Amino acid sequence: MFADLAEQLRIREQKGLRRTRQIADSSQASHITIDGCDYLAFSSNDYLGLANHPELIASACDGARLYGVGAGASHLINGHSAAHHDLETALATFTGFPRALLFSTGYMANIGMVTALAGREDAVFADKLNHASLNDAALLSRAQFIRYPHCDLAALEQRLATVQARRKLVISDAVFSMEGDIAPIRRLIELCERYHAWLLLDDAHGFGVLGEQGRGSLFLPGSAHPHSPSLVYMATLGKAAGVFGAFVAAQPEVIETLVQSARSYIYTTATPPLLAHALLTSVRLIGQDEWRREALRRNIAQLKQGLQSSPWKLLPSVTPIQPLLIGDSVEAVRISQGLREQGILVPAIRPPTVPQGTARLRISLSATHQPDDIQRLVRALHDLAPS
Ligand SMILES: *Cc1c(COP(=O)(O)O)cnc(C)c1O
């Protein structure tokens, strides 16, 4: 038994695919300590710099004093606290939906919402570059699983028109996690309305960052307001919101269906209420601290400007995810390693996570990066360019 596992691990190692974890000794910020060394990090999803915010830490402590540290039970037994309830109300209001439902993680939210809404007689249509959790969810639902080329709405329409199914669900990232580009939301909604399909939108990277007051991708100019009734919106609370968890927002019938039948909601312990208590502060800060999004926009502009004369091109992205296209996997690893030797963390993303020949450095920016930080990254990249 063990010889077989060891052999598989050895093959993985040989292909250069073995992954390792680094041990962080500091809290999450643009400057972090890993294995005892200091780094300037461009590798976190803490886009607004809230993960380590003093007001959030104070709220988490207050939450612990009010509710203790553990929820003690699942939401449908007696783990559903006033903090969870208030947060759901705040998130529904903030995102413009009648109801919202908290899940423990984004992974579990996607598993729960897709499997509760789709079954054997149904069809799920998915963008090829969707997050792994949406793909896993579609497979687990046992629905027909039909993938379409990235953001290719003509291909999607052709599939929606020909596939026979009781219920049709289109699922898509709103902001694609390895590209940083934004789905054509308005046109997706129109297409789904025309074919009587549901649209499930995963806004893990847009919530808090995009749209008026950081209300998410649906609040981008020209996106989708007022929300279509066939829209089911999901976002995570461990990225820009700086804490942990996720939520789904939709019409009351959808949310009630999830409460009754989403297995990853029902058969799990509720997240600690102290996190929901802290997230109430987070939602308030997201709405009011416009300067964080302005700082992000400035950082994005400075990076683009700084890399204009680089031999490598940034993919077209207006989000904090700024992938620098390298192409060759070995070269991408060389540059990532070279940056690391200079105390800068930028992960190299290689196939199979991205298509063959499109290895990249995934630079993620935060509102807490200073102009000097961006300048340091730009200089280091210029030094690592082949002469
Ligand atoms: C991070 C992410 C998730 C998973 O969210 P977690 O809360 O980390 O489990 C789901 N979808 C997308 C697009 C993500 O980027």
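Residues numbered from 1 in each chain as written. Predicted model: local features only at pLDDT ≥ 70, side-chain atom pairs only at ≥ 80, totals over all residues. Heavy atoms only, no water.

**Thoughts on the site of the ligand**
Around the ligand, the structure places 13 residues, and the nearest of them are Gly106, Tyr107, Asp202, His205 and Lys239. His205 places a polar side-chain atom, nitrogen or oxygen, 2.6 Å from an oxygen atom of the ligand. With the chains in place, 81% of the 380 Å² that the ligand exposes on its own is no longer accessible. Take the shell around the ligand: its biggest share by element is 3 residues, from helix α5 (residues 106–117). Taken together, the residues that form the shell around the ligand break down as 2 nonpolar, 8 polar and 3 charged. (Near = heavy atom within 4 Å. Polar contact = N/O pair within 3.5 Å; in protein donor to acceptor, adjacent residues only side chain to side chain. Areas by Shrake-Rupley, 256 points an atom, 1.4 Å probe, with all protein chains shown as cover. Helix = DSSP H or I, 4+ residues; strand = E, 2+ residues; numbered from the N terminus. Nonpolar A, V, L, I, M, F, W, Y, C, P; charged D, E, K, R; others polar.)

**Examining the domain arrangement of the protein chain**
Domain annotation for the protein chain reports domain 1 (22–48 + 290–384) and domain 2 (54–288). Domain 1 and domain 2 are separated by 27 Å when their C-alpha centres are compared. Across the contact, 20 residues belong to domain 1 and 20 residues belong to domain 2. Together domain 1 and domain 2 conceal approximately 1,500 Å² of surface at their shared face, both sides included; 59% is due to carbon and sulfur atoms. In this structure, Glu179 engages Arg360 in a salt bridge whose closest nitrogen and oxygen atoms are separated by 2.6 Å. The interface formed by domain 1 and domain 2 holds 10 residue pairs in polar contact (both at pLDDT 80 or more) in total. Mapped by element, the contributors of at least two residues to the side of domain 1 that touches domain 2 are α12 (290–306), β11 (321–327) and β14 (359–364). Per element, the largest residue contribution to the side of domain 1 that touches domain 2 is 3 residues, and it comes from α12. (Domains from an automatic or database assignment. Contact = heavy atoms within 4.5 Å. Buried area = accessible area lost by both parts, 1.4 Å probe. Salt bridge = Lys/Arg side-chain N within 4 Å of Asp/Glu carboxyl O.)

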